[in-house]
Amino acid sequence: MPTVVAQLRRVFRTGRTQSLAWRRQQLEGIERFCDEREAEIVAAVAADLGRGPVEAWLGEIAGSRAEASHAKRHLRRWMLPTPRPLPATQLPGWAMTRPEPKGTVLIISPWNYPVFLTLGPLVAAVAAGNTVVVKPSEIAPATSRMLAEWLPRYLDPEAVAVVEGDASVTQELLAQGFDHALFTGGTEIGRKIMAGAAPHLTPVTLELGGKSPVIVDATADLEVTAKRLAWVKLLNSGQTCIAPDYVLAHSDVHDELVDRIGTHLAAFRSGEPAGQPIVNERQFDRLVSAIAATQGRVAHGGGSDPDTLRIEPTVVVGPALDEPLMSEEIFGPVLPVLRVGSLDEAIDFVNDRPKPLATYLFSRSRVARRRIVAEVPAGGTVVNHVAMHCLVPSLPFGGVGPSGMGAYHGHAGFAEFSHRKSVLVKSFRPDPSIIYPPYSDRAVKIIRRLF
């Protein structure tokens, strides 16, 4: 491990990763990897998560390629220094901020979107001119092996390394003292990442999760709302950090919305095996226990098969607020729906809880839209859809508070992996003697007026 990191640091010190040409070559390599290795990506994701080809392309490949293309298109402009104004007391002279790479950085990716959540941060890191260690999740072993085999063939293998292993390997890597680390995963592991980074004062970006709420008011188009909620909740079996975690539905539309969600869940799974695949037995047991413990009414689904680790898409109406479905991030194909009487009640409900990674509103009301955007703190907000903001390269993606810190995608990712260096250039003349000691009373009066 120390040898790998030391090699990357030596490469960075040569300066070769700082050129526009090198950075573009890496971004083009990521594009080609997405284009040419689709079959390998699909096979690996199917082995690890049971996802089909269309979901694998949509969830892993399309967004990754779009990120690389967006960065390549805008990179020259991102790299330019930015002139800054000077106060009169600093004239003559000129000032600028110059983005420079942080150095050797670490990307720790999760199992749920093991390609997209590896390549997205990697795009940002190489666009900013860093050397990179990629640590894929051991919980998605087929994808980890695939990335370790293929990524070095498309990127500079002396500047980008893939290191496989379990949590102990992650801690060993952090002990090397990187110039930046990005972790995507759960809040508890996020705390361990921060603790591992602290001895070296390694700055961290944490992309965590939490309970992302959906607010549906009485003006919403219920057919479209139910369809979009069902579709996104089924993606990757709900094992998505920005999946809807619970729904707050206005009393006037609550019952109809529940029925429509159930209808679309059944329609979207028509002809498919019963139940949604869950990544492993531990996650399966956790979800089954949460369903069994609910005090709410199971309106749709609820079944499970321990032999295949599959759980039926499940809608639970009116769960207790202190039960696991409402106190913990669900991360599975289970959707609680609660009844609220007003937008005020919904806003208070969300704001009484930790700040979420995303907040979703379905409404035709401009007033409701303005209020949710202004009054509900969250990593991101989407109106009349779910989770789509993560596919917009120009929008920063990240959490706030317990749902994360820092952001990436597009220019935000370039900035996250760059240091914005301040530069001030002065001339030798004029060089007034009044600013040098010893200071006369007259000199002090002049200096105090100037500054």
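Heads up: the structure comes first, above all this text.
Residues numbered from 1 in each chain as written. Predicted model: local features only at pLDDT ≥ 70, side-chain atom pairs only at ≥ 80, totals over all residues. Heavy atoms only, no water.

Chemist: What's the story with the environment of Val-4 in this structure? I'm lost.
Modeler: Looking at the element boundaries, Val-4 is found in helix α1 (residues 2–13). Taking the C-alpha atoms as reference, Val-4 lies 9.8 Å from Leu-173; in sequence the two are 169 residues apart. Contacts of Val-4, omitting those with residues within four sequence positions, involve Ala-161 and Val-163. (Helix = DSSP H or I, 4+ residues; strand = E, 2+ residues; numbered from the N terminus. Contact = heavy atoms within 4.5 Å.)

Chemist: Looking at this structure, I do not really get the nonpolar core. What am I missing?
Modeler: Proteins that are soluble and globular tend to have nonpolar side chains buried together. The biggest cluster of nonpolar side chains holds 84 residues, and the ones touching the most others in it are Ile-30, Phe-33, Leu-122, Val-132, Val-216, Ile-242 and Val-247. With nine residues, helix α5 (residues 116–127) is the largest single contributor of residues to this core. Not counting the four nearest positions on each side in its chain, Leu-122 is found in contact with Ile-30, Ile-107, Val-132, Val-134, Leu-151, Leu-155 and Val-160. Val-5, Leu-106, Val-133 and Leu-206 belong to the second largest nonpolar core, which has 18 residues in total. (Core = buried A, V, L, I, M, F, W, Y, C linked by side-chain atoms within 4.5 Å. Buried < 20%, exposed > 50% of the residue type's maximum accessible area, 1.4 Å probe, protein only.)

Chemist: When you look at helix α9 (residues 222–234) in this model, what are you seeing that I'm missing?
Modeler: Between the first and last C-alpha of α9 there are 18 Å, a value that for 13 residues agrees with the 18 Å anticipated at 1.5 Å per step. Listed as buried for α9 are Leu-222, Thr-225, Ala-226, Leu-229, Ala-230, Val-232, Lys-233 and Leu-234. In this structure Asp-221 caps α9, since a side-chain oxygen of it lies 3.2 Å from the backbone nitrogen of Glu-223. Downstream of α9 by one or two residues, Asn-236 has phi in the positive range, about 55 degrees. (Expected span 1.5 Å × (residues − 1). Polar contact = N/O pair within 3.5 Å; in protein donor to acceptor, adjacent residues only side chain to side chain.)

Chemist: Explain the side chain of Thr-184 here, please?
Modeler: Counting through the fold element by element, Thr-184 comes out in strand β6 (residues 180–184). Its relative accessible area of 6% is what places Thr-184 among the buried residues. When residues no more than four places from it in sequence are discounted, the contact partners of Thr-184 are Ile-108, Ser-109, Pro-110, Leu-117 and Glu-207.

Chemist: It is not clear to me how the packing of helix α7 (residues 167–174) against helix α8 (residues 187–197) should be interpreted in this structure. Could you clarify?
Modeler: For any two helices packed against each other, one specifies the inter-axial angle together with the distance between the axes. At their nearest, the axes of α7 and α8 sit 8 Å apart, and the two run at 35 degrees to each other. Taken as a pair, α7 and α8 cross one another with a handedness that is right-handed. Across the interface between the two elements, Thr-170, Gln-171 and Leu-174 from α7 touch Lys-192, Ile-193, Gly-196 and Ala-197 from α8. Of the residues contributing to the contact of α7 with α8, the split by class is three nonpolar, three polar and one charged. (Axes fitted to C-alpha atoms, helices over the stretch in contact; angles between N-to-C directions. Left-handed = near helix turned anticlockwise from the far one by under 90°. Nonpolar A, V, L, I, M, F, W, Y, C, P; charged D, E, K, R; others polar.)

Chemist: Is there a simple way to think about the layout of surface pockets in this case?
Modeler: Space left empty within the atom packing is revealed by a probe, the size of a water molecule, rolled over the atoms. The volume enclosed by the largest pocket comes to roughly 1,300 Å³. For the lining of the largest pocket, the secondary structure elements donating two or more residues are α7, β6, α8, α11 (281–293) and α12 (324–327). Among the residues making up the lining of the largest pocket, the classes are represented as 19 nonpolar, 15 polar and 13 charged. (1 Å grid on protein atoms, 1.4 Å probe; cavity = no way out; pocket = protein on both sides within 12 Å on 5 of 7 lines; lining within 4 Å. Points joined across faces, edges and corners; volume = space filled by probe spheres on them.)

Chemist: Hey, could you run me through helix α3 (residues 38–49) in this one?
Modeler: Given 3.6 residues to a turn, an α-helix orients residues that are three or four positions apart in the same direction. Across its twelve residues, α3 extends 16 Å between first and last C-alpha, which sits within 8% of the 16 Å expected from 1.5 Å per residue. Residues Ile-41, Val-42, Ala-44, Val-45, Asp-48 and Leu-49 constitute the buried set of α3. Here the buried residues of α3 occupy an arc of 165 degrees about the axis, which is enough to place them on one side. Along α3, exposed side chains directed more than 90 degrees from the buried face belong to Ala-39 and Ala-47. Those residues of α3 that are buried are in contact with α2 (20–36), α4 (53–79), α6 (141–154) and β10 (276–277). Where α3 ends, the next residue or the one after it, Gly-50, has phi of about 75 degrees, a positive value. (Arc of directions from axis to C-beta.)

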